[in-house]
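Structural overview for review
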Amino acid sequence: MKLWQGRFEEAGDPVFEKMNRSLGIDAVLLDEDIRASRAHARALFGCGVLTEAEWQDIDRGLEQILTEYTPEQVKATPYEDIHTFVEATLAQKIGQAAFKLHTGRSRNDQVATDFRLFVRKAISLVLADLDALDSALTESGNANTDVLLPAYTHLRRAQPIRWSAYCAAFIEMFRRDRERFEQSVGRVDVLPLGSGAVAGSNFPVDREAIARELGFSRISRSTVDATCDRDFVIEFLSNAAIAMVHASRLAEDWIIYSTEEFGFLELSEKVTTGSSLMPQKKNPDGLELIRAKAGVMTGLLTGFLVVMKGLPTAYDKDLQEDKEAFFSAFNTLRLALSVLRLTVRTVVLNKERMAAAAADSFMGATDLADFLVVKGVPFRTAHETVGRAVRDAIANRQQLNEIDLMAYSPLFADLPADYLAPMNIVNRKGGASSLHGLSSR
Ligand code: ARG
């Protein structure tokens, strides 16, 4: 069965049908399509298009379909898309009344409605995933507030920080992601149904009532826009791509930190693999895949933006590609966040290796300059003075705390012996680097 065969004499070519069919992807909208159809049927009864008996038959029939089919089973049927499947299956169950369901509705406003219902649900799942990752990072930070490691800039040792300060950076990133997803909900939460194909419906369906039934807080105002607006998909892809960039940066850090050369972290066997050839290998595949999928995610966003950019107003079939991009992004993001959380929960910190790296006294060079500043030396001069000490120490293969600083400035006379101890460097600073505990969200 087709929803549009009347004006055609021929059947579509199988190779075209293969391209046109979206059921393999939109079957997961089964629940949403049925909920939206039930709300539409009630509205059709409300404005006199359906008798009460017809509405009741349609409503019960739709409910039954939901109990009888899973999206997986729907995928195996031969229909064009989820909307065709539901209408055809309803007709098999209740007969002629089913063919009244599509009155005053187009698949254009229907699919936009189904999809918004799904995306709204999807966002709440992503928010839960972000919260779980947040807890894992908060726990790791709080359990290791006194573990010091070098903070790197340009991937060169910069200044020592606490592990909790390191974790705080990613907690902040993922909290911004949470905020972005949360703020996007208001723009997803709009009912398009009632917009018809593009110009609205000839039947006075009560759109406010449909919105209430489906839990939308607003109804769309422009029928033209509502049928072709996919900003909510672009926003999801964008938010997902940004979150994946954060995940990828954490992944990259930990890939480096877990090398034999760094040895700061031991990744769990739960998220690593061996080599088929080299028996000694333990490879960080989980983190590498997260890093790679961040790239693929960027492609989904870019790809869909390009799909949208040249579209004539209003609905064009190009829009059908929205779902493949979205579902792929949604599944990838959730998987990546789960694997990342597992990685954080199971990582073992090599505190000694981190402490040894954090004890590199060159990372106290700024503190030495600031010591002179407190004595009244202009910072630029102090920087220059300590810079010379650094240069000589490197040339003599000494640590900065091993050379005679008095040779560079007599003001170092009363420098405390433990001035360059890493924990003192950390504690001297305000802000998150000296933060003891992280608060949960
Ligand atoms: N499967 C289609 C989609 O996802 C449904 C809308 C089809 N509308 C149309 N006018 N051909 O966009």
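Quantities reported herein were computed from a predicted structural model and do not represent experimental measurements. (Residues numbered from 1 in each chain as written. Predicted model: local features only at pLDDT ≥ 70, side-chain atom pairs only at ≥ 80, totals over all residues. Heavy atoms only, no water.)

**Topic: the overall build of the chain**
Summing up its helical and strand segments, the chain has 17 helices and six strands in all. For the chain, whose C-alpha radius of gyration is 30 Å, the value lies well above the compact-globule estimate of 22 Å for 441 residues. With the C-alpha coordinates aligned to their principal axes, the bounding extent of the chain is approximately 100 × 55 × 40 Å. Accessible surface for the chain amounts to roughly 21,300 Å². Of this, 53% is attributable to carbon and sulfur atoms. If you average the places of the 51 positive and of the 60 negative side-chain charges in the chain, the two averages end up 2 Å apart. (Helix = DSSP H or I, 4+ residues; strand = E, 2+ residues; numbered from the N terminus. Rg over C-alpha atoms; globule rule 2.2 N^0.38 Å. Areas by Shrake-Rupley, 256 points an atom, 1.4 Å probe, with all protein chains shown as cover. Lys, Arg positive; Asp, Glu negative; His and termini not counted. Charge placed at Lys NZ, Arg CZ, Asp CG, Glu CD.)

**Some remarks on the pattern of salt bridges**
Evaluation of the coordinates by the stated rule reveals 30 salt bridges. The salt bridge partner of D177 is R180, with a shortest N-O separation of 3.1 Å. With D177 and R180 both in helix α8 (residues 163-188), this residue pair falls three residues apart, about one helical turn. Judged by its relative accessible area of 0%, D177 falls in the buried class. Note on R180: relative accessible area 26%, which makes it partly exposed. Three or more residues are tied together by salt bridges with common partners; here these are R38, D59 and E63. (Salt bridge = Lys/Arg side-chain N within 4 Å of Asp/Glu carboxyl O. Buried < 20%, exposed > 50% of the residue type's maximum accessible area, 1.4 Å probe, protein only.)

**Thoughts on the side chain of T113**
For T113, the position within the fold is in helix α7 (residues 107-143). Within polar-contact distance, the side chain of T113 engages the backbone oxygen of D109 at 2.7 Å. Ignoring any residue separated from it by four or fewer positions in sequence, one finds T113 in contact with A36, L191, P192, L193, L214 and F216. (Polar contact = N/O pair within 3.5 Å; in protein donor to acceptor, adjacent residues only side chain to side chain. Contact = heavy atoms within 4.5 Å.)

**Details of the site of the ligand**
Surrounding the ligand, one finds S22, D26, D81, H83, R107, N108, V111, Y315, Q320 and K323. Here N108 contributes a side-chain N or O atom positioned 3.0 Å from a nitrogen atom of the ligand. A distance of 2.5 Å is found between an oxygen atom of the ligand and a side-chain nitrogen or oxygen belonging to Y315. For the ligand, the protein covers 85% of the area, taking 340 Å² as the surface of the free molecule. Considering every element that reaches the shell around the ligand, the biggest residue donor is α7, with three residues. Looking at the shell around the ligand, its residues break down into two nonpolar, four polar and four charged. (Near = heavy atom within 4 Å. Nonpolar A, V, L, I, M, F, W, Y, C, P; charged D, E, K, R; others polar.)

**Thoughts on the packing of α7 against helix α13 (residues 321-346)**
For the pair α7 and α13, interaxial distance at closest approach is 9 Å and the crossing angle is 15°. Comparing the axis directions of α7 and α13 gives the class roughly parallel. Viewed along their axes, α7 and α13 form a crossing whose handedness is left-handed. Class assignment of the residues belonging to the contact of α7 with α13 gives a composition of 19 nonpolar, two polar and seven charged. (Axes fitted to C-alpha atoms, helices over the stretch in contact; angles between N-to-C directions. Parallel < 35°, antiparallel > 145°, perpendicular 65-115°, else oblique. Left-handed = near helix turned anticlockwise from the far one by under 90°.)

**Here's the deal with the side chain of T272**
Tracing the chain through its elements places T272 in the loop between β5 (265-266) and α12 (285-309). Under the relative-accessibility criterion, T272 is labelled buried at 13%. A polar side-chain atom of T272 sits 2.9 Å from the main-chain carbonyl oxygen of S268. Look past the residues within four positions of T272 in its chain and what remains in contact with it is L267, K282, N283 and P284.

So, to be careful, I would describe these as geometric facts and stop short of saying anything about function.
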